[in-house]
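Close look at the chain arrangement
For reference, the chains in residue letters:
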Amino acid sequence: MNSRESILQAIRKLPKEEKNLPELPEFGNNSDLLAEFCEAITRNAGEVLLSEEFKKWMNENPLEKVISLVAAYSSYSTQAIPEDPHALDSLDLAIVEAQFGVAENGAMWLDEASLSHRVLPFIAEHLVIVLRRTHLFPTLHQAYAQLQGTSTGFGVFVAGPSKTADIEQSLVIGAQGAKSLRVVLVD
Amino acid sequence: MNHPQAAAAFLKDQARASWHDETLWYVRDKRDVASKRLPEWEDLRTLASDIKEHTLSQLDYYLEKFEEKALENGIRVHWAKDAEEHNQIVLQILQSKECKALVKSKSILTEECHLNPFLEKNGIAVVDSDLGERIVQFLNQPPSHIVLPAIHLKKKEIAELFHEKLGTEKGNEDPKYLTDAARIHLREKFLSAKVAITGVNFGIAETGEFVVCTNEGNADMGVHLAEVHIACMGIEKIIPRRKDLGVFLRLLARSATGQSITTYSSHFRSPRKGKEIHLILVDNGRTAQLSRSTYRSSLKCIRCGACMNTCPIYRRSGGFSYGSTVPGPIGSILSPGLDLKKYSTLPFASTLCGSCTDVCPVKINIHEQLYAWRQEITKAQGWSGKELSIKLAKGIFTSPLAYRVSGKILRAALKSLPNSLIYHPVNLWGKGRDLPQAPASTFSEWYQKNRS
Amino acid sequence: MNARSPHIGLFIPCYMDQFYPQVAQASLELLEKLGCQVSYPLGQTCCGQPLANAGYERDTLALTKHFVNLFKEVEYIVAPTGSCVLHVKSHFPEVMGLEAELEKTQAKIYELTEFLTDVLQLTSIKGKFPHKVGFHASCHGLRGLRLSSSSELQEPSFHKAKLLLDQLEGLEWVPLSRPDECCGFGGTFAVSEEALSVCMGKDRILDHERNGAEILTGVDMSCLMHLQGIGSRSGSKLRYLHLAEILNQALA
């Protein structure tokens, strides 16, 4: 018997005691989603900007290597998308769009369809996520309801910049992924 | 491994032990704040527990369903009955890719299988890419905590280590500076690795996808640059539906570190074009634990580490004192299932205070299982109540207390104690504590005089 | 209070009978002052808890049988201890032929404070105790019997002992930094893990001292014995009283 069969056999021969799979109730309140979302992002060491503020920041902080996958900010792109993701290593900034955000924790859903390379939001030194202010759900429950039936090969909730507290529990922003996260709210 | 001895050794450095306790209490405190933000917290715990109970009751069905969907998605699925087979599967994949160096993000399962030493013996260099894990790897140590691998180390030690290994400035202990040095070091490893290994937090039967959670982004940095992604998953990590993730991800990070969610929650459904994802489903004692009805629910564990942070023993004895891959309360109910003799002292490394049970996001009755293991261990080891009497005599019931309590009361249960044991010279109770003063009469005597 | 005075069988833990007769006496007097009819069935032995927690539940059969028979006649069993009560409720082994009686025993046994708050429903104790009191929430009472809300759970805050102590004039309740951390007694743990046990005890004492407690109280004398032993060794000024002693003194 191969291992697959022997594992499944070992489970099958146990006395069955059926236990119900619970249905999930509706959670999530109707508070001010945008305020809650902004608070969550701030708590996660990210920053929320309006489009104007973002443009100002871009003007004040010229970056050498930028890729924008958001049409409205395509003028910031300084280079084309390379074929090999390894070539993204020295990228200063990636600008991508999230499908929606989650108010309770600041998580934003990025689908690989809008990333060109899966590694893009991780490998860039800094990350900007553009989010429609109306595309917010109270909790992860509503977020997964939204995702029901979609079948992307890779998707990720990003809730802040990369971070670690592995040295004496001191929070350090910028571990292996993006060193900063700015969320740009658009209409 | 003997927990009391290891704990006593840990406590020798009192300042450090107290720092360790405070540091983990701080994490527990953050967990309290985060959990209390959610009015539905207890409902979520119940749901999570019920979903896991249900899944474990139909595990064969969900594993097959998961496999079927994963295969449809283009994921290659392997099954390993034990650690050895798991390691062999990994090695074969590496050899077929002529891979000599790989990056690995946090996976308790690969620790459990001792994958690193196995691969190194076969000439493959493994780089653990989580900062804490890289630190302990440099020191040739296992992680001392499943979420906070280097929680036992002080920044001074890490600074010295990085000076030696990464050439950082001598004496620079700034965590930001040290993290940055590790970032540069690891970046190079990510860029050159052909294969990346990750653990799995959740496998979803409905879709055949799996989810990996990190704060550093190290898992993603590894797999999205590599040609091959090997995901190692214990068979108990299955959940039925994608929407169940809503329940578990809301509980996981809040319980682990007090964050509302980890920075990255990555959902892998199919490999990139031209690349490969291999998923290894590992038993390694899990079906055996499943067959033990008293301990089955220990398989609900989602590895958040909250029971470690809350455990007054763990906080004051450190992860290494357990000598098991998973330390702390949950480890003490999992490990005896793997090797009862080796881990016989672990279920006793507890006061049965029950904090672990109350903090557990999937409601595992950890302290009750500790109690149950104690009953089995004494039986399996052939210990008897008589032997307990010897232990008691050496400690708490020595001297006057022993004379009175052992003589008068325990005698009923333990028959009689030889006097030489009662007056054993080693008085463990009295080492750090004064004995209560023996009163003139017992309550029974007083009652008979005054009330009867 | 109920119009009819309930018939109570007082259960006194073995070590309390031997070393803290004053606590047992205070429990008895307190219940009597509150109008209960209390008897102390003679011939009590250890309930078996230390053995069971050490992994020898199977060796406690005789003790269990004895306990059940001894308290057969009373309406309630009340004991000034949380951990022994929890043992009776959760870890008494099955005794062939005594199943129904055992179940009754488990249903009618109460830890002292829960008896006062839940059965007698005391809401207006007249008494004075002008001291700063820190309360040690022993784990088995806290998380086993749910004598108070636990800090891990999201639940409405409640505290049975505080409900009683708050009624005493002049008593100042001392809030702790870690209100429900274990003291490290743990039965045989106190000796099998001696170093840890003492360290945990020291930490508890420090918490009470730092927050200004003058008296440390609780509902489990075993934890207090352990803490007092450590406190006395280190020359701490903290005094230790069982909750029954405080209530009994206050009601005098």
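Cut-offs and rules
Residues numbered from 1 in each chain as written. Chains lettered and ligands numbered in written order. Predicted model: local features only at pLDDT ≥ 70, side-chain atom pairs only at ≥ 80, totals over all residues. Helix = DSSP H or I, 4+ residues; strand = E, 2+ residues; numbered from the N terminus. Rg over C-alpha atoms; globule rule 2.2 N^0.38 Å. Contact = placed C-beta atoms within 7 Å. Buried ≥ 20, exposed ≤ 12 C-beta atoms within 10 Å, placed from the backbone. Pairing = 2+ DSSP bridges. Axes fitted to C-alpha atoms, helices over the stretch in contact; angles between N-to-C directions. Nonpolar A, V, L, I, M, F, W, Y, C, P; charged D, E, K, R; others polar. Expected span 1.5 Å × (residues − 1). Parallel < 35°, antiparallel > 145°, perpendicular 65-115°, else oblique. Arc of directions from axis to C-beta. pLDDT = per-residue confidence, 0-100. Left-handed = near helix turned anticlockwise from the far one by under 90°. Core = buried A, V, L, I, M, F, W, Y, C linked by C-beta atoms within 7 Å.

**A word on the overall build of chain A**
Within chain A, the regular secondary structure consists of five helices and 11 strands. Computed over C-alpha atoms, the radius of gyration of chain A comes to 20 Å, more than 25% over the 16 Å expected from 2.2 N^0.38 for 187 residues, which places it beyond the range of a compact globule. Taking all contacts inside chain A whose residues are at least 6 apart in sequence as the whole, residues at least 24 apart take part in 73%.

**Brief notes about the overall build of chain B**
Helices and strands together make up the secondary structure of chain B, namely 23 helices and 10 strands. On C-alpha atoms alone, chain B measures out to a radius of gyration of 25 Å, which is about the 22 Å that the 2.2 N^0.38 rule sets for 452 residues. Dimensions along the principal axes, computed over C-alpha positions, put chain B at roughly 90 × 55 × 45 Å. Among the 452 residues that make up chain B, the fraction classed as buried is 60%.

**So, the sheet that holds strand E4 (residues 195–198) of chain B**
Residue and element names in this part refer to chain B. Taking strand neighbours across the sheet as the criterion, the six strands line up as E1-E10-E7-E4-E2-E3 in an open arrangement whose pairing is parallel. Edge positions in the sheet fall to strand E1 (76–80) and strand E3 (125–128), since each of these pairs with one other strand and no more. Ignoring strand direction, the axes of neighbouring strands in this sheet form an average angle of 25 degrees. Two elements, strand E2 (residues 101–104) and E4, share three bridges in a ladder whose sense is parallel. Opposite Val103, over in E4, you have Ala196 as the bridge partner.

**What about the interface of chain B and chain A?**
Tallying the contact residues gives 65 residues for chain B and 60 residues for chain A. Of all the elements, helix H10 (residues 175–192) of chain B adds the most residues to the side of chain B that touches chain A, at seven residues. Of the residues contributing to the side of chain B that touches chain A, the split by class is 27 nonpolar, 19 polar and 19 charged. Where strand E8 (residues 154–158) of chain A and strand E9 (residues 264–268) of chain B come together, five bridges link them in antiparallel fashion. Considered in E9 of chain B, the bridge of Val158 of chain A is made with Tyr264 of chain B.

**As for the environment of Leu71 of chain B**
Within the secondary structure, Leu71 of chain B is located in helix H4 (residues 59–72). When the C-alpha positions of Leu71 of chain B and Ala438 of chain B are compared, they lie 73 Å apart, and in sequence the two are 367 residues distant.

**Thoughts on the sheet that holds strand E1 (residues 7–10) of chain C**
Residues and elements named next belong to chain C. Ordered in space as E2-E1-E3-E4, the four strands form an open sheet in which the pairing is parallel. Because the sheet does not close on itself, it has two edges, and the strands there are strand E2 (37–39) and strand E4 (109–111). Sheet twist, expressed as the mean angle between neighbouring strand axes with direction ignored, is 35 degrees. Relative to the sheet, helix H5 (residues 82–91) contacts strand E3 (76–79) and E4, its axis offset from that of E4 by approximately 155 degrees.

**So, the interface of chain C and chain B**
Counting residues at the interface gives 56 residues for chain C and 59 residues for chain B. Where the side of chain C that touches chain B is concerned, the elements lending two or more residues are helix H1 (14–19), helix H2 (21–33), helix H3 (49–56), helix H4 (61–70), helix H8 (139–144), helix H10 (189–192), helix H11 (194–210) and helix H12 (221–234) of chain C. When the residues that make up the side of chain C that touches chain B are grouped by side-chain class, the tally is 29 nonpolar, 18 polar and nine charged.

**Description of unusual backbone geometry**
Even without glycine at this site, Ala45 of chain A takes up a positive phi of about 70 degrees. Structurally, the position occupied by Ala45 of chain A is in the loop between helix H2 (33–43) and strand E1 (47–50). In this structure, Lys363 of chain B is a non-glycine residue whose phi angle is positive, near 55 degrees. Position of Lys363 of chain B relative to the elements: it lies in the loop between helix H17 (355–359) and helix H18 (366–380).

**What about the environment of Ser236 of chain C?**
Relative to the helices and strands, Ser236 of chain C is located in the loop between H12 and strand E8 (239–242). Setting aside anything within four residues of it in sequence, one finds Ser236 of chain C in contact with Ile205, Glu209 and Gly231 of chain C.

**So, the arrangement of the chains**
With two pairs of chains in contact overall, the contact-richest pair is chains A and B. A minimum C-alpha distance of 16 Å separates chain A and chain C, which share no contact.

**Overview of helix H12 (residues 244–256) of chain B**
All names here are of chain B. Compared with an ideal rise of 1.5 Å per residue, which puts 13 residues at 18 Å, H12 spans 18 Å between its outermost C-alpha atoms and is within 8% of the ideal. When you tally the buried positions in H12, you get 13 out of 13 residues, the bulk of the element. The positive-phi residue at the C-terminal boundary of H12 is Gly258, with phi of around 85 degrees.

**Quick word on the packing of H11 of chain C against H12 of chain C**
Residues and elements named next belong to chain C. Closest axis-to-axis distance for the H11/H12 pair is 9 Å, and the angle between their directions is 80 degrees. Considered as vectors, H11 and H12 are oriented roughly perpendicular to each other. Between H11, through Val198, Gly201, Lys202, Arg204 and Ile205, and H12, the contact on the second element is made entirely by His226, Leu227, Ile230 and Gly231.

**Details of the pairing of E3 of chain C**
Residues and elements named next belong to chain C. Relative to E3, E1 runs parallel, the two being bridged by three bridges. Residue pairing in the sheet places Ile8 in a bridge with Tyr76 of E3. Judged from the three bridges that link them, E3 and E4 form a sheet pairing that is parallel. Pairing of Ile77 across the sheet is with Ile109, part of E4.

**Here's the deal with the pairing of E9 of chain B**
Residue and element names in this part refer to chain B. Counting buried positions over the five residues of E9 gives five, a clear majority of the element. Because side chains alternate across E9, one face comprises the buried residues Tyr264, Ser266 and Phe268, and the other comprises Ser265 and His267, equally buried. Of the strand pairs in this sheet, strand E6 (residues 209–214) and E9 are connected by five bridges, and their pairing is antiparallel. The partner of Val211 across the bridge, within E9, is His267.

**Some details on H4 of chain C**
For H4 of chain C, the set of buried residues is Leu63, Thr64 and Phe67 of chain C. Across the axial projection of H4 of chain C, the buried residues extend over an arc of 100 degrees, all falling on one side.

**What about the confidence of the model for chain B?**
Residues and elements named next belong to chain B. The predicted model of chain B has a mean per-residue pLDDT of 91, with 90% of residues at 70 or higher. Here residues 393–425 is modelled with pLDDT under 50, and outside its nearest four sequence neighbours on either side it reaches 65 contacts, counting other chains as well. At the level of chain-chain contacts, confidence expressed as ipTM amounts to 0.98, with global pTM at 0.95.

**Considerations on the packing of helix H3 (residues 41–57) of chain B against H12 of chain B**
Residue and element names in this part refer to chain B. At their nearest, the axes of H3 and H12 sit 10 Å apart, and the two run at 125 degrees to each other. With respect to H12, the element H3 is oriented oblique. In the crossing of H3 with H12, the sense of the turn from one axis to the other is left-handed. Here H3 contributes Leu44, Arg45, Leu47, Ala48 and Ile51 to the contact with H12, which in turn contributes Asp244, Val247, Phe248, Arg250 and Leu251. The class makeup of the residues in the contact of H3 with H12 is seven nonpolar, no polar and three charged.

**Description of the nonpolar core**
One recurring pattern in soluble globular proteins is that nonpolar side chains are buried together. Ile129 of chain A together with Phe210, Phe248, Leu279 and Leu281 of chain B are the most contacted members of the largest nonpolar core, which totals 260 residues. If you tally residues by element for this core, the top one is H12 of chain B, at eight residues. Phe248 of chain B has contacts with Ala48, Phe202, Ile239 and Ile302 of chain B, leaving out every residue within four places of it along the chain.

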